[in-house]
Protein chains: 2
Amino acid sequence: MGAATLFLWLQKSEVAARYRTALIVSSLVTAIATYHYVRIYESFDKAYALSNGIVAATGHPFNDAYRYVDWLLTVPLLLVELILVMNLSAKETTSKSVKLGSLAALMVILGYPGEISSDPTTRWILWGLSMIPFLVILFDLFVSLKTSIETQPENVKGLVKLARTIVVVTWSFYPIVFVLPMIGLTGGTAQVAVQIGYTIADLLAKAAFGVFIYIIAAKKSESIQAAH
Amino acid sequence: MGAATLFLWLQKSEVAARYRTALIVSSLVTAIATYHYVRIYESFDKAYALSNGIVAATGHPFNDAYRYVDWLLTVPLLLVELILVMNLSAKETTSKSVKLGSLAALMVILGYPGEISSDPTTRWILWGLSMIPFLVILFDLFVSLKTSIETQPENVKGLVKLARTIVVVTWSFYPIVFVLPMIGLTGGTAQVAVQIGYTIADLLAKAAFGVFIYIIAAKKSESIQAAH
């Protein structure tokens, strides 16, 4: 996450001015994630200790709130990042960002009480509620942004479509990881599987996606230069 | 590692735009290594303590995973760095980066279970498996990149060849260091020899190599300026 942040900061001046905000927003996502992963690392390190070859709980509870606060900030920004690279009108950029950003925040807020609950029924109910804004976002990305994608320059149309697909695929990891403790995984295995699952999903959705946004910006910058 | 990172950041704007990504990738390699060396330092410091003139284990296990996670990220990037400075076509740059980067990641992943094993047979088997992608990478660097090297401008042809040789020589350190505990070194001596060996290899393969990539980029920038 830190390396992706540095990459985006260093590449910022190498793309055309109009795409720099997309890179800046991408770098905020990975910078915020870097901070929270340090907190998660420290919390995990304090919560479990290795003694005689066995990892055991120390009594300090592991705090899942860092992850959800991270998502509350970064998930709306990820959508803004995607919208910014699409070159919509200023008005549409703002309205789409506010609409999709709010839905993303709602999705994260609904997920948290489920995540910290050990009751499967509570987890399923909140998972279901959280899926509503999730599906509305996906619907919006596929239906109402279709026109905007069709008007993208030829050399990046495929990339912008791919960026949207990456969002859909990487975001689908989260609701799957969330249900792992409800479908048979228990105790330490469930805890570790959930943490590793979310971490892989975060790396793809934030760091890899950020680099991808840079590739689109660099390609679009080339076509601007070529036009001059 | 930190100083090499700063050097590459500060020199970035002094080379021609087309070589900046090579410098940026080099700086990520040393930045990621800087982070992991801080973690390795802290882990080592916690694992051993000096008491009455004797260094003894404290009971906290030294965590070799920091080094392998570092390599998992930096070794593919090092190959990307070398490929970027060769000025291949965009298509060839991507395909070579993906191919060699994946082989490098596979090499590191195969090495780790061997590194943390104290059984010499297990170590030899995983060393052998890890050598397969290693040799494929070397073969690729020497055979299929030959044409690209021959088409380099005259004033940098020697430098690009040298960069490739540096990769081969510095990378050869790692499998040698890996076998030290299997050929007679034991206990604390083996542990210290392995850590010092890897550290020297890392400094050459990352920091010194990064500065070398800058030298090539600077030379190539000169010939672009001369051409205008």
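This write-up is about the structure you can find in this document.

About the criteria used
- Residues numbered from 1 in each chain as written.
- Chains lettered and ligands numbered in written order.
- Predicted model: local features only at pLDDT ≥ 70, side-chain atom pairs only at ≥ 80, totals over all residues.
- Heavy atoms only, no water.
- Least-squares fit on C-alpha atoms with pLDDT ≥ 70 in both.
- Patch = residues over 30% accessible without salt bridge, like charges linked within 9 Å, V, L, I, M, F, W, Y side chains within 5 Å.
- Areas by Shrake-Rupley, 256 points an atom, 1.4 Å probe, with all protein chains shown as cover.
- Salt bridge = Lys/Arg side-chain N within 4 Å of Asp/Glu carboxyl O.
- Helix = DSSP H or I, 4+ residues; strand = E, 2+ residues; numbered from the N terminus.
- Buried < 20%, exposed > 50% of the residue type's maximum accessible area, 1.4 Å probe, protein only.

Looking now at the relation of the copies chain A and chain B. When chain A is brought onto chain B, the operation consists of a screw motion whose angular component is 75° and whose axial shift is 0.2 Å, with 0.1 Å RMSD remaining. In symmetry terms, the pair is related by a five-fold rotation axis. Across chain A, the smallest distance between a C-alpha and the rotation axis is recorded for Ser13(A), namely 8.0 Å.

What follows deals with a nonpolar patch on the surface. All names here are of chain A. A contiguous nonpolar patch, built from Val169, Phe173, Val192, Ile196, Ile200 and Leu204 and spanning about 480 Å² of accessible area, is present on the exposed surface. Elements with a contribution of two residues or more to the nonpolar patch: helix 7 (154-179) and helix 8 (187-227). It is helix 8 that contributes the most residues to the nonpolar patch, four residues altogether. Checked against the element boundaries, Val192 lands in helix 8. Judged by its relative accessible area of 38%, Val192 falls in the partly exposed class.

Tallying each qualifying case throughout the model produces 22 salt bridges over all chains. Notably, a salt bridge pairs Asp140(A) with Lys96(A), separated by 2.8 Å at the nearest N-O pair. Placement of the pair is Asp140(A) in helix 5 (residues 120-143) and Lys96(A) in helix 4 (residues 90-115), with a sequence separation of 44 residues. Considered together, Asp140(A) and Lys96(A) belong to a single accessibility category, that of buried residues. Here Lys161(B) and Glu150(B) are joined by a salt bridge, their closest N and O atoms 3.9 Å apart. With a gap of 11 residues between them, Lys161(B) in helix 7 (residues 154-179) and Glu150(B) in helix 6 (residues 146-150) connect regions that are remote in the sequence.

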